[in-house]
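Given next are the chains, with one letter for each unit.
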Amino acid sequence: MDLDAFTLFERHINPGLAGLLRFTGLDRVESHAEGPYVWDTQGKRYLDFLGLYGTLNLGHRHPKVVEAVKRQLDRMPMSVRVLVSEPTARLAARLAEITPEGLEMVFFGNSGAEAVEAAIKLARAYTGKPGIVTTQGGFHGKTMGALSLTPKPEYQDPARPLLPGVKVVPYGDLKALEAAIDEDTAAVIVEPIQGEGGIRVPPEGYLRGVRELTREKGVLMIADEVQTGLGRTGRLFGVDWEGVSPDLMTLAKALGGGVMPIGACVGRREVFEVFKTNPLFHSSTFGGNPLAAAAALAAIQVTLEEDLPGRALEVGGYLMEGLKALKARHPHLIEEVRGRGLMLGVEFTDADIGALVVAELAERGVLTAFGLNNPKVVRLEPPLIIGKEHADEALAAFSEALMATERTLEGLLG
């Protein structure tokens, strides 16, 4: 018997996730995608307002990125690693040009978690100290080191023991951070805006405060820009809102242009000194491979040429006003609307209400999801290429979804 793809996924990959997808009405199989839209195998079209958790800044299959990858595929898809890859070297130089001042060196991996692993190792090697301070609600990945910095028991407990020397402080609290830094601290890791934590924007001046405090204490500042990077918040990088230059910055998601996976840890030259005496201190077989590097170079070019940060700011502001209007009409369902650029979160009064709204949105052809560290929050991270007409389409579906949720709740309550 030829089983459908969803059944195969449920049997052989993740039955728990399959159940969740079924509950939210997303037990469908994707077929193809273009720009901000995705189609399933039954022909239904969806407006993608999740954007692969901030990966699809350029939308699906941006032609310039696809073409760059096709050209590289015909030339040399993988590096032999004992010779230098030209696309990889050029990408490193380009990142040194566009990232905050002082960030000149790059380690390439394949994901955000790998970029964070590199940052942990570099911080420890440079300082000779083991400790890392992270934040409540922070999300930095699920590999062992990155998981140790992602303080959620549901993820951490089954995998313990984790990396020692990790301290957790409230996000946005500089006094708590100062108290946590001691003689064993190598670095502080922070997201400019917490993504999986529920699109939490820190108080104004927080990032500057972290930078000043880490500099004063002689520890490194790691900015996790995996989700905020490359225009999503309305600036090229989230730290640009406060003019901050960290010691290490992690990138991934949007860096591959929505076509290839790639992660990068960009840092100050002195922090990378370990590679001078120990060039194989940290490495990755596929990290920064020629195909991924070609995609990233094209993605950066498109992001700058089309001023996607500016578009994120404009369309994001328009979308924010529409969501706030919905909150005003449904105050018993929506607790808060927040975010910056096209990184927006809608916090519901209850996580189950949020799940119902996600399902109703999917029924109306709009894809969203809740925050992994805050299920009360439905986040909207659409491609930065969208226009106000796409925002209007999503807002209309959101309005209908909220009304349908109200009817469901009324029926449950009798």
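Residues numbered from 1 in each chain as written. Predicted model: local features only at pLDDT ≥ 70, side-chain atom pairs only at ≥ 80, totals over all residues. Heavy atoms only, no water.

Engineer: Would you take a moment to explain the overall build of the protein chain for this structure?
Structural biologist: Along the protein chain, the regular secondary structure elements total 15 helices and 15 strands. Its C-alpha radius of gyration of 21 Å places the protein chain within 12% of the 22 Å reference for a compact globule of 414 residues. Referenced to the eigenvectors of the C-alpha coordinate spread, the extents of the protein chain come out at roughly 70 × 55 × 45 Å. Counting across all 414 residues of the protein chain, residues that qualify as buried make up 55%. A separation of at least 24 residues holds for 73% of the contacts in the protein chain among residues at least 6 apart in sequence. A total of about 17,900 Å² of accessible surface is found on the protein chain, and carbon and sulfur atoms cover 54% of it. For the protein chain, the distance from the average site of its 43 positive side-chain charges to the average site of its 54 negative ones is 2 Å. (Helix = DSSP H or I, 4+ residues; strand = E, 2+ residues; numbered from the N terminus. Rg over C-alpha atoms; globule rule 2.2 N^0.38 Å. Buried < 20%, exposed > 50% of the residue type's maximum accessible area, 1.4 Å probe, protein only. Contact = heavy atoms within 4.5 Å. Areas by Shrake-Rupley, 256 points an atom, 1.4 Å probe, with all protein chains shown as cover. Lys, Arg positive; Asp, Glu negative; His and termini not counted. Charge placed at Lys NZ, Arg CZ, Asp CG, Glu CD.)

Engineer: Looking at this model, I keep getting lost on the pattern of salt bridges. Mind explaining?
Structural biologist: Working definition: two side chains of opposite charge can pair if their charged atoms are close together. Using the criterion set out here, one finds 25 salt bridges in the structure. Between Glu347 and Arg338 there is a salt bridge, with its nearest N and O atoms 2.7 Å apart. Glu347 gets classed as buried once you look at its relative accessible area, which sits at 11%. Residues participating in the shared-partner salt-bridge network are Glu335, Glu336, Arg338, Glu347 and Lys376. (Salt bridge = Lys/Arg side-chain N within 4 Å of Asp/Glu carboxyl O.)

Engineer: Would you mind going over the packing of aromatic side chains with me for this structure?
Structural biologist: Each aromatic ring pair is summarised here by two numbers: the centre-to-centre distance and the angle between the ring planes. Considering all chains together, one arrives at 4 aromatic pairs under this definition. Where Tyr171 meets Tyr206, the ring centres are 5.4 Å apart and the plane angle is 70°; that geometry is what we call edge-to-face. Within this pair, whereas Tyr171 is found in the loop between strand E6 (166-169) and helix H9 (174-180), its partner Tyr206 is found in helix H10 (residues 206-217), the two being separated by 35 residues in sequence. When sorted by exposure, Tyr171 lands in the same class as Tyr206, which is buried. Joined through ring pairs, the aromatic side chains of Phe272, Phe275 and Phe281 make up one cluster. If you follow Lys121 out to its NZ or CZ, it ends over the ring of Phe281, 4.9 Å from the centre. Lying across the ring of Tyr155, Lys142 places its NZ or CZ 4.3 Å from the centre. (Phe/Tyr/Trp six-rings, centres within 6.5 Å; stacked < 30°, edge-to-face > 60°. Lys NZ or Arg CZ within 6 Å of the ring centre and 35° of its normal.)

Engineer: So what exactly am I meant to see when it comes to the nonpolar core here?
Structural biologist: In globular proteins that are soluble, nonpolar side chains generally tend to be buried together. Residues Leu95, Leu255, Leu319, Leu323, Phe348 and Phe398 are the most contacted members of the largest nonpolar core, which totals 82 residues. By residue number, the principal contributor to this core is helix H12 (residues 290-305), which donates 9 residues. What Phe348 contacts, discounting residues up to four positions off in sequence, is Leu333, Ile334, Glu335, Ile353, Gly354, Val357, Lys376, Val378, Phe398 and Leu402. One finds Ala123, Ala187, Ile189 and Phe272 within the second-largest nonpolar core, a separate group that totals 22 residues. (Core = buried A, V, L, I, M, F, W, Y, C linked by side-chain atoms within 4.5 Å.)

Engineer: Looking at this structure, how should I read the UniProt feature "binding site: N(2)-acetyl-L-ornithine" (unreviewed entry) in the protein chain?
Structural biologist: UniProt records the feature "binding site: N(2)-acetyl-L-ornithine" (unreviewed entry) for Ser284 in the present numbering. As for its placement among the helices and strands, Ser284 is situated in the loop between helix H11 (274-277) and H12. Relative accessible area serves as the criterion here: at 18%, Ser284 is assigned to the buried category. Of the polar contacts made by the side chain of Ser284, one reaches the side chain of Asn110; its length is 3.3 Å. (UniProt positions renumbered as here; feature names shortened; annotations may be inferred. Polar contact = N/O pair within 3.5 Å; in protein donor to acceptor, adjacent residues only side chain to side chain.)

Engineer: Just to check I follow, could you spell out helix H13 (residues 308-329) for this structure?
Structural biologist: Along an α-helix, residues three or four apart share an orientation, since each turn contains 3.6 residues. Here H13 contains 22 residues, and its C-alpha end-to-end distance of 31 Å stays within 8% of the 32 Å for a straight helix at 1.5 Å per residue. Three or more residues of H13 are buried, namely Leu308, Pro309, Ala312, Val315, Gly316, Leu319, Met320, Gly322, Leu323 and Leu326. (Expected span 1.5 Å × (residues − 1).)

Engineer: Where do I start with the packing of helix H1 (residues 5-12) against helix H2 (residues 15-23) in this structure?
Structural biologist: The description of two helices packed together rests on the angle between their axes and the distance between the axes. Taken N-terminus to C-terminus, the directions of H1 and H2 make an angle of 135°; their axes are 6 Å apart at the nearest point. On the basis of the axis angle, H1 is oblique to H2. Together, Phe6, Phe9 and Glu10 of H1 and Pro15, Leu17, Ala18, Leu21 and Arg22 of H2 make up the contact between the two elements. (Axes fitted to C-alpha atoms, helices over the stretch in contact; angles between N-to-C directions. Parallel < 35°, antiparallel > 145°, perpendicular 65-115°, else oblique.)

Engineer: I tried to follow the domain arrangement of the protein chain on my own but got confused; where do I start?
Structural biologist: Bring the parts together and some accessible area is lost; that lost area is often taken as the interface size. Domain boundaries in the protein chain define domain 1 (23-54 + 307-413) and domain 2 (63-306). Between domain 1 and domain 2, the residue contacts involve 27 residues of the former and 33 residues of the latter. Of the roughly 2,400 Å² buried where domain 1 meets domain 2, counting both sides, 55% is carbon and sulfur surface. Three residues stand out in domain 1 for area buried against domain 2, namely Arg340, Met343 and Asn373, and they jointly supply 31% of the buried area on that side. Linking domain 1 to domain 2 there are 1 salt bridge. On inspection of domain 1 and its partner domain 2, the count reaches 17 residue pairs in polar contact (both at pLDDT 80 or more). Mapped by element, the contributors of at least two residues to the side of domain 1 that touches domain 2 are helix H3 (51-54), H13, strand E11 (334-340), strand E12 (343-348) and strand E15 (374-380). (Domains from an automatic or database assignment. Buried area = accessible area lost by both parts, 1.4 Å probe.)

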